[in-house]
Amino acid sequence: MKSSRILLTIVGIFMLSVPAFAHEGKAVIKGTTPDSMVSGEVIIKHEEGGLSVVVNVSNVPPGKHGIHFHENGSCEDMGKAAGGHFNPDKVMHGFLPKDGLQHAHAGDMGNIDVNKDGIGSLKVILPGVNLEEGSYALNGKAIILHEKEDDMGQPTGNAGGRIGCGIIEVVQ
Ligand SMILES: [Cu+2]
Ligand SMILES: [Zn+2]
């Protein structure tokens, strides 16, 4: 009797210390061709103002590379199977952290800057999207690293081929 009460207290304290929104999203980025050395990882967390997305890549040609969530959770066919930009509202291409969901695709994260050693990192806060619920959920979407810079032109930023790809999944 007494020990079960202690156990319940311990379980209660544990549950209080883990918020209900503690789920995280994760993806592993791999090159889209068999000989590619491109690699990377994506961590998505709930943060004030939206979801924070942290991307780290390596073995990528130096310079700016467009990076977006795409609508299908597949990296087949050199990333083409991922389809178009994740765009539930059928709006114009933009930069979601600045333009919001009315003026940018839900997948528009701009560019990742890669240094001379082939390493790049990016952190953005995406307003309006979420990890798991409804039409703005990122779970199961692909993240695509492009060959070229996203120049913010229409309809999808002219970022060229797809050199890296991963699929978002919920890990906690
Ligand atoms: Cu893209
Ligand atoms: Zn877009």
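The paragraphs below set out a description of the structure included in this document. Here the structure is a predicted model, which means the values were calculated and not measured.

Parameters and conventions
- Residues numbered from 1 in each chain as written.
- Chains lettered and ligands numbered in written order.
- Predicted model: local features only at pLDDT ≥ 70, side-chain atom pairs only at ≥ 80, totals over all residues.
- Helix = DSSP H or I, 4+ residues; strand = E, 2+ residues; numbered from the N terminus.
- Buried ≥ 20, exposed ≤ 12 C-beta atoms within 10 Å, placed from the backbone.
- Contact = placed C-beta atoms within 7 Å.

## With respect to the overall build of the chain
Move 1: A count of helical and extended segments in the chain gives 2 helices and 9 strands.
Move 2: Secondary structure of the chain in N-to-C order comes out as α-β-β-β-β-α-β-β-β-β-β.
Move 3: Looking at the chain as a whole, 34% of its 172 residues are labelled buried.
Move 4: Considering only contacts in the chain between residues 6 or more positions apart, those separated by 24 or more positions represent 60%.

## Some remarks on unusual backbone geometry
Move 1: The linkage connecting Gln154 with the following residue, Pro155, adopts the cis geometry, with an omega of 0°.
Move 2: By the secondary structure assignment, Pro155 is in the loop between β7 (142-146) and β8 (162-167).
Move 3: The backbone phi angle of Asn59 is positive, close to 60°, even though this residue is not glycine.
Move 4: Within the element layout of this structure, Asn59 appears in the loop between β3 (50-58) and β4 (63-70).
Move 5: Judged by local crowding, Asn59 falls into the partly exposed class, with 16 C-beta atoms found within 10 Å.
Move 6: Of note, Asn158 is a non-glycine position whose phi angle comes to about 55°, a positive value.

## So, the environment of Gly161
Move 1: You can see Gly161 is positioned in the loop between β7 and β8.
Move 2: It is 8.7 Å that separates the C-alpha atoms of Gly161 and Lys80, two residues lying 81 residues apart in sequence.
Move 3: Beyond its immediate sequence surroundings of up to four residues, Gly161 is in contact with His146 and Glu147.

The values are spatial; any link to function lies outside them.
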